[in-house]
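Breakdown of the fold
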Amino acid sequence: MTTVLDPASVGTRRRWAMLAVSTTAQGAAAVTIHGPAFLIPALHEQRGLSLPTAALVAGASMFGVMSTLVAWGWIVDRFGERFALLAGLGATFVAGLISTQVHSTWVLGVVLFFGGAAAASTGSASGRVVVGWFPPRQRGLAMGIRQTAQPIGVGVAAITIAVIADRHGIDTALWVPTLAAAIAAVLVFIVILDPPRPERSAGTAPNPYREDSFLTRIHGVSVLLVVPQFMVWTFALVWLIDDRGWSPGAAGTMVALAQVFGAGSRILVGAISDRVGSRTRVLRWVTVAAALTMAALGLTAGRHWSIAVALMLLATAVTVADNGLSFTAVAERAGPFWSGRALGVQNTAQYLTAAITGPVAGVVIDQWGHPTAFALCAVFPLLALGFVPKDERPFETVAARPPQGKDLS
């Protein structure tokens with residue numbers, strides 16, 4: 001673990017290269033974690049599973065993620081970001097290899113669980129690389145770029161996994177996340193350095209959760225906003241195929257395009273937060289927009305209006321825009337010795353909610369249809385508004401956060 005305090009100790013080109021590789025690592029993890037959602041049509045049609053059961057199997061990777069996020073955060077805090085990324089991506093690759101050879105659906109679910117557990121390593125580690133190497137007034141933009149990894153990874157999965165599974169089977173489709181993990185691991189080994197942080201000593205690692213409720217409130221907002229996000233991500237493909245009559249290839253392409261819009265929205269709101277000097281103010285704007293968009297999507301889908309497809313694109317962009325803001329806010333407030341665990345706690349709660357959202361939404365869709373499920377998701381951003389903190393401290397340089405209080409770690 002480096003103890004250099006000056007982020008300028010590496011050149012600008014190396015800093016942006018590390019951002020690119022961190023984004024790639026997170027994108028590879030996103031393909032592993034979210035890619036199984038695009039196996040739902042194949043599990044439903046090729047293996048005869050009901051929609052809720054197929055969603056449960058596909059959600060196994062997210063249950064795996066939430067089981068290890070805090071542990072990976074602790075590893076990041078103690079042993080460094082590079083170690084966590086290499087160990088996690090290596091294990092993800094091994095799990096991916098096994099998944100391509102498994103023919104039992106339930107055994108596949110177990111392997112997907114372990115693949116997600118390994119891929120969880122990139123959450124805290126890649127985020128800490130970005131927050132640790134970039135100064136505060138560039139962090140919103142940099143983290144927005146890094147957060148594009150998730151929608152881009154989902155887009156890659158949508159346009160590849162759904163089509164390959166439809167044409168060549170589930171086993172073949174699972175080579176996509178396997179190869180993605182291998183490529184990302186090689187790039188991390190070549191490029192990533194642990195970001196600067198001060199020497200650890202008594203008094204340098206106060207528990208940020210005991211200082212105020214800021215982190216807890218941000219966690220609450222993020223959890224509530226996950227529901228519409230994963231509703232759209234998980235079931236937009238099925239909605240386009242079943243309700244709109246699209247082919248799997250066309251539907252997968254549209255979902256991938258939606259993820260491009262989602263990637264752009266994260267960069268945009270991150271840059272705006274740098275400009276206005278507040279993560280939470282912009283987070284509040286995004287929360288209102290998510291409620292309005294999901295309500296409009298539910299209404300237009302129920303009436304079978306053509307504009308519903310355009311609103312699905314917009315909803316995908318809006319419902320993911322908050323992630324970079326909340327991620328950056330948590331890392332900045334938690335500091336260099338707690339940010340790994342704090343980000344792990346946040347992501348654990350998000351993935352737990354996401355894993356529950358799939359099967360529950362499947363039941364709602366079975367009973368009342370996609371439009372009702374879309375419209376109900378507008379309630380969650382409205383609830384989240386009450387949790388957005390009304391104030392925040394000025395931007396802090398996380399890598400050199402001043403020591404305060406007693407070491408409670």
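Since the model is a prediction, treat every value here as computed from it, not as a measurement.

It is worth spelling out the side chain of D194 at this point. Note on placement: D194 falls in the loop between α11 (175-191) and α12 (214-242). Engagement of the side chain of D194 in a polar contact is seen with the backbone nitrogen of E81, the distance being 2.9 Å. In this structure the side chain of D194 is engaged in a polar contact, spanning 2.8 Å, whose partner is the backbone nitrogen of R82.

One finds F38 and M312 to be the most contacted residues of the largest nonpolar core, which totals 121 residues. The contact partners of M312, leaving out residues within four places of it in the chain, are V232, A236, W239, L240, M254, A258 and L297.

This brings us to the pattern of salt bridges. All told, the structure shown has six salt bridges when counted by the stated rule. With a closest N to O distance of 2.9 Å, D77 and R341 form a salt bridge. Taken together, the positions of D77 in helix α4 (residues 60-79) and R341 in helix α17 (residues 339-368) put the pair 264 residues apart, joining distant regions of the chain. Taking relative accessible area as the criterion, D77 reaches 3% and is therefore assigned buried. Where E332 meets R279, a salt bridge forms, and the shortest distance between an N and an O atom there is 2.8 Å.

According to the stated counting rule, one finds six cavities of 30 Å³ or more in the structure shown. In this structure, the largest cavity encloses a volume near 220 Å³. As for the largest cavity, its lining consists of 22 residues, of which Q26, Q150, N347, Q350 and Y351 are closest to the centre. At the level of elements, α1 (12-34), α4, α7 (121-133), α8 (136-147), α12, α16 (322-334) and α17 are the ones that each hand at least two residues to the lining of the largest cavity.

A surface patch of negative charge is lined by E45, D166, D242 and D243. Its location among the elements puts D242 in helix α12. A residue is classified by how much of its surface remains accessible, and D242, at 52% relative accessible area, is exposed.

Our focus in this paragraph is the packing of α12 against helix α15 (residues 307-320). Where α12 contacts α15, the two axes come as close as 9 Å, and the packing angle between them is 145°. The crossing of α12 and α15 is left-handed. Residue-level inspection shows L225, P228, Q229, V232, W233, A236, W239 and L240 of α12 in contact with α15, the latter providing A308, V309, M312, A315, T316, T319 and V320. When the residues that make up the contact of α12 with α15 are grouped by side-chain class, the tally is twelve nonpolar, three polar and no charged.

Time to look at α8. Between its terminal C-alpha atoms α8 stretches 16 Å, which fits the 16 Å expected from twelve residues at 1.5 Å a residue. Turning to α8, its buried residues are P136, R139, G140, A142, M143, G144, R146 and Q147. Packing partners of the buried residues in α8 comprise α1, α7, α9 (149-168), α13 (248-276), α14 (279-302) and α16.

A few words now on the confidence of the model for the chain. Averaged over all residues, the pLDDT of the chain equals 84, while 91% of them reach at least 70. Across residues 1-5 the pLDDT falls below 50, and counting only partners more than four positions away or on other chains, this stretch makes 19 contacts in the model. Contacts for the low-pLDDT stretch residues 396-409, under 50 throughout, to residues beyond four places or in other chains number 48 contacts.

Turning to the packing of helix α5 (residues 81-99) against α7, a few remarks are in order. When two helices pack together, their arrangement is given by the angle between the helix axes and by the axis-to-axis distance. The geometry of α5 relative to α7 is characterised by a closest axis approach of 9 Å and an angle of 150° between their N-to-C directions. On the basis of their axis angle, the class for α5 and α7 is roughly antiparallel. As for the relative orientation of α5 and α7, their crossing is left-handed in sense. Taken together, the residues of α7 that come into contact with α5 (itself represented by E81, A84, L85, G88 and L89) are S121, T122, A125, S126, R128 and V129.

Note on placement: T122 falls in helix α7. Residue T122 is classed as buried on the basis of its relative accessible area, which comes to 1%. Once residues within four sequence positions are removed from consideration, T122 is found in contact with A25, Q26, A29, L85, L89, G127 and R146.

With that out of the way, let us pick up the packing of aromatic side chains. A complete count under the given rule lists five aromatic pairs for this structure. A ring pair is formed by W16 and F134, whose centres lie 5.0 Å apart and whose planes are at 85°; its orientation type is edge-to-face. In this pair, W16 is assigned in helix α1 and F134 in the loop between α7 and α8, connecting sequence segments 118 residues apart. The class for F134 is buried, based on a relative accessible area of 2%. Between the NZ or CZ atom of R146 and the centre of the ring of F327, over which it lies, the distance is 4.6 Å.

Reading the values: rules and limits
- Residues numbered from 1 in each chain as written.
- Predicted model: local features only at pLDDT ≥ 70, side-chain atom pairs only at ≥ 80, totals over all residues.
- Heavy atoms only, no water.
- Helix = DSSP H or I, 4+ residues; strand = E, 2+ residues; numbered from the N terminus.
- Polar contact = N/O pair within 3.5 Å; in protein donor to acceptor, adjacent residues only side chain to side chain.
- Core = buried A, V, L, I, M, F, W, Y, C linked by side-chain atoms within 4.5 Å.
- Buried < 20%, exposed > 50% of the residue type's maximum accessible area, 1.4 Å probe, protein only.
- Contact = heavy atoms within 4.5 Å.
- Salt bridge = Lys/Arg side-chain N within 4 Å of Asp/Glu carboxyl O.
- 1 Å grid on protein atoms, 1.4 Å probe; cavity = no way out; pocket = protein on both sides within 12 Å on 5 of 7 lines; lining within 4 Å.
- Points joined across faces, edges and corners; volume = space filled by probe spheres on them.
- Patch = residues over 30% accessible without salt bridge, like charges linked within 9 Å, V, L, I, M, F, W, Y side chains within 5 Å.
- Areas by Shrake-Rupley, 256 points an atom, 1.4 Å probe, with all protein chains shown as cover.
- Lys, Arg positive; Asp, Glu negative; His and termini not counted.
- Charge placed at Lys NZ, Arg CZ, Asp CG, Glu CD.
- Axes fitted to C-alpha atoms, helices over the stretch in contact; angles between N-to-C directions.
- Left-handed = near helix turned anticlockwise from the far one by under 90°.
- Nonpolar A, V, L, I, M, F, W, Y, C, P; charged D, E, K, R; others polar.
- Expected span 1.5 Å × (residues − 1).
- pLDDT = per-residue confidence, 0-100.
- Parallel < 35°, antiparallel > 145°, perpendicular 65-115°, else oblique.
- Phe/Tyr/Trp six-rings, centres within 6.5 Å; stacked < 30°, edge-to-face > 60°.
- Lys NZ or Arg CZ within 6 Å of the ring centre and 35° of its normal.

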